[in-house]
Amino acid sequence: MSRIDTSALPGSASCVPGPREAAHAAIARRAAAEGMVLLENDGTLPLRKGSPIALYGFGARHTIKGGTGSGAVNNRYNVSLCEGLARAGFEIVNTAWLDDYDRRYAEAYDSWKKMIYELASVKPGDFMTLYMAHARNPIVPPEGAPIDPADAERAETAIFVVSRVSGEGADRYAVKGDYYLSDSETEQLRTLCGLFRKVVVVLNTGGVMDLGFMDELPVAALVLISQGGMEGGNAFADVISGDVPFQGHLTDTWARRYEDYPASAAFSHNGGNLIEEKYTEGIYVGYRYFDSFGVPVRYPFGYGLTCTEFDVKTGEVSVREGCVSISVTVTNSGARSGRQVVQLYGACPGGLRKKERKRLIAFRKTGLLSPGDSEIFTLTADLNQLASYHTGRSAWFLDRGNYYLLLGTDAGNTEVCGVLTLGETVFSEKYANICPLLDALAELQPTDGACEAWERAMETEAVGLPRLPMDGQVRFPVTGWEEPATDPRALEILKMLSREEKAALCCGRPGEGSAAFIGSAAVTVPGAAGETTPILRDRGVRNLILADGPAGLRLTKHVEINPETGQVYRMTAYEGLENRIFGTEFPHEGAISRWQFASAVPIGLLLAQTFDVELLTEVGALIGREMKEFGVDLWLAPGMNIHRDPLCGRNYEYYSEDPLVSGRMAAA
């Protein structure tokens, strides 16, 4: 008979899915579908439901839901592309090839798992050893059997899935099998293009990769599905069949060559220095670099095809109360329903500092428009979004001159729609630089001639447009720091604490059998990243639980507990591995089981590709509900780093190369 209070144990006593999981799966599926980006299409997509297709590649049945490390989620299930397509009614004709691949994958997985356990045994009891080994050593996918030409007689369309995984602890490499297709992938794709009438390439990746094969092979359609979480396969079937229209847009620039990215030569292991990284490109990251330096790209920031057509027209432009507003009308002029993303950029004049050619200052996604329908809305941006920072003066400023507004559907497809003028340079209040620059950087700068050339080009486009003065309209936020009031009870508690107790309060609490304070160190909620110390609970200060993200809560799915002491003595299923390092398995049958099935939502990159702030608010509410259910106080997410270089191993966690997209999506 149990001696502990089972009502206080973590998770659920039942392994049966409840209504929460079904409701959250629907949100995750919709988010994944709306963020998938159609990059190329000769009319092949969408496919007719029930039509026969051949499906190839590692990600066909082993679709990657997200990255490794702290951004992973130990959820109940993952829907593969093969499962999603079958459920949607498509006939998959090459099951023999897929079955053979499963056998090859199982062998590769067993070898990989053995390697992980051997690495973990180097330091028994330290979960981080296994965790970091996993992040640095993803499974190398098998090549697969030769393609049977008879499959092309049973289906005219083949889908080839290119999958890549990365994560915390190691960056990617610009080598075959990672940034580039492997030799076997190239050969398989070439074979498919020679056998099938139509070949659709699907990119199941957490970031940018080389697409040089598109210049050599007759690929009919190219789809970026990113990593769609637990419902990724169902979401892919939704868009490939036309049930959900393609509506995702890139939040990164896809260059023609990796070497075209400004940080590529010195980034991470490329420069041979893994300790120090110098951001010599300054503000020229992503489209701000490619625009400013005239480097041609494969796909510009914001790019995404739909299966219909849209007309975008601008209306009145106005400046009032520190903001610029522009009226926009979007009309679906095509034959299918769809949604479009409209983007507003600002081009700033030179002066005290050189600027990027343009920067995103506002965006909006329409609702679902049927053919012939229109939507009218207003895009609004604060004028201080046109400001730049002057390090020497410790202040934000706007140079005197003309500010051009450009409207479009991606960074490579814009038109000047308005001009704002400023008669005198305006400065904000003086700020305090609390982090002094320790090492001067020779930052990348465009030439004077390039800056003058694009200002002349903007002026030519702006002929005949009204010019609206900004003088007196710019309103910088006033900063100031007020010391927060201290709760007297906190001061009293601090007086009673010993030095050791204060240290424990700062550091947190290590997990059972581990010296680590963070990673998977929480005791109260097994599998959570960590928790603060419980030593003050009898004084009214409870411990706080921190869980990793940002694609959902990273918790342990199944926990077994000693019924007499309440000690967690067995945890299972950390990303497919049985966790052997939390102590000896309890030999008795009277164990108490608890389940913690969190939802694996799409990765941050894919969420941002929706450009849908309201949808991300729903995803955030989903996470909040699960935090309450599992007793988590702090979510270590969202990740907000800028996508500086495609080889960053954690790009999948972050949103974009653009700060406005990153900030608005994270805030939502």
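Up top is the structure.
Residues numbered from 1 in each chain as written. Predicted model: local features only at pLDDT ≥ 70, side-chain atom pairs only at ≥ 80, totals over all residues. Heavy atoms only, no water.

S.K.: Describe the overall build of the chain, and please don't skip the residues or the numbers.
M.R.: A tally of regular secondary structure across the chain gives 14 helices and 26 strands. The C-alpha atoms of the chain give 27 Å as radius of gyration, which agrees with the globular expectation for 668 residues (26 Å, within 12%). If you line up the chain on its principal axes, its C-alpha atoms span 85 × 80 × 50 Å. Counting across all 668 residues of the chain, residues that qualify as buried make up 54%. (Helix = DSSP H or I, 4+ residues; strand = E, 2+ residues; numbered from the N terminus. Rg over C-alpha atoms; globule rule 2.2 N^0.38 Å. Buried < 20%, exposed > 50% of the residue type's maximum accessible area, 1.4 Å probe, protein only.)

S.K.: I'd like to hear about the pairing of strand 15 (residues 395–398), residue by residue, with values.
M.R.: Relative to strand 15, strand 14 (residues 388–390) runs antiparallel, the two sharing three bridges. Bridging across to strand 15, His390 finds its partner in Ala395. Once strand 14 ends, the chain turns through four residues before running back antiparallel as strand 15, passing Ser394 with a positive phi of about 55°. (Pairing = 2+ DSSP bridges.)

S.K.: Before we move on, can you summarise the pattern of salt bridges with the specific residues and values?
M.R.: In total, this model carries 41 salt bridges according to the counting rule given. Notably, a salt bridge pairs Arg76 with Glu21, separated by 2.8 Å at the nearest N-O pair. In this pair, Arg76 sits in the loop between strand 2 (52–56) and helix 2 (81–87) while Glu21 sits in helix 1 (residues 19–35), placing the two residues 55 residues apart along the sequence. For Arg76, a relative accessible area of 23% translates into the label partly exposed. Of the residues examined, Glu21 reaches a relative accessible area of 14% and is grouped as buried. We note a salt bridge from Arg288 to Glu356, for which the minimum N-O separation is 2.7 Å. On the criterion of sequence distance, the pair formed by Arg288 in helix 8 (residues 287–292) and Glu356 in the loop between strand 11 (341–347) and strand 12 (359–365) is long-range, its members being 68 residues apart. When sorted by exposure, Arg288 lands in the same class as Glu356, which is buried. Overlapping salt bridges bring together Asp100, Arg103, Arg104 and Glu107 as one network. (Salt bridge = Lys/Arg side-chain N within 4 Å of Asp/Glu carboxyl O.)

S.K.: Describe the packing of aromatic side chains, with residues and values.
M.R.: Scanning the model with the defined rule gives 21 aromatic pairs in all. A centroid spacing of 5.1 Å and a plane angle of 75° characterise the contact between Tyr56 and Trp97, whose relative ring orientation is edge-to-face. Pair noted here: Tyr56 is in strand 2 and Trp97 is in helix 3 (residues 95–120), with a separation of 41 residues, a long-range link. As far as the burial class goes, Tyr56 and Trp97 line up, both buried. Aromatic rings pair up to connect Tyr56, Phe58, Trp97, Tyr101, Tyr105, Tyr109, Trp112 and Phe196 into one cluster. For Arg76, the ring lying beneath its charged end belongs to Phe597, and the centroid distance is 3.8 Å. The ring of Tyr279 has Arg644 lying over it, and the distance from NZ or CZ to the ring centre is 4.0 Å. (Phe/Tyr/Trp six-rings, centres within 6.5 Å; stacked < 30°, edge-to-face > 60°. Lys NZ or Arg CZ within 6 Å of the ring centre and 35° of its normal.)

S.K.: Before we move on, can you summarise the nonpolar core with the specific residues and values?
M.R.: Side chains that are nonpolar tend, in soluble globular proteins, to be buried together. Leu85, Ile159, Leu203 and Phe236 are the most contacted members of the largest nonpolar core, which totals 87 residues. With eight residues, helix 3 is the single largest residue contributor to this core. Counting residues in hydrophobic clusters, the runner-up holds 48 residues, among them Ile27, Ala347, Leu555 and Ile623. (Core = buried A, V, L, I, M, F, W, Y, C linked by side-chain atoms within 4.5 Å.)

S.K.: Any chance you could break down the environment of Asp439 for me, citing the residues and the numbers?
M.R.: In this fold, Asp439 is placed in the loop between strand 18 (426–427) and helix 9 (448–461). Separated by 347 residues in sequence, Asp439 and Ile92 have C-alpha atoms that sit 58 Å apart. Contacts of Asp439, omitting those with residues within four sequence positions, involve Glu276 and Lys278. Here the side chain of Asp439 touches Lys278 through a polar contact of 3.0 Å, side chain to side chain. (Contact = heavy atoms within 4.5 Å. Polar contact = N/O pair within 3.5 Å; in protein donor to acceptor, adjacent residues only side chain to side chain.)

S.K.: Account for the side chain of Thr409, naming residues and giving values.
M.R.: Summarising the element assignment, Thr409 is placed in strand 16 (residues 401–410). Exposure remark for Thr409: the relative accessible area of 14% places this residue in the buried category. Looking at Thr409, its side chain comes within polar contact range of the side chain of Asn413, at 3.0 Å. Every residue in contact with Thr409, bar those within four places of it in the chain, is listed here: His249, Gly302, Val312, Gln340, Val341 and Gln343.

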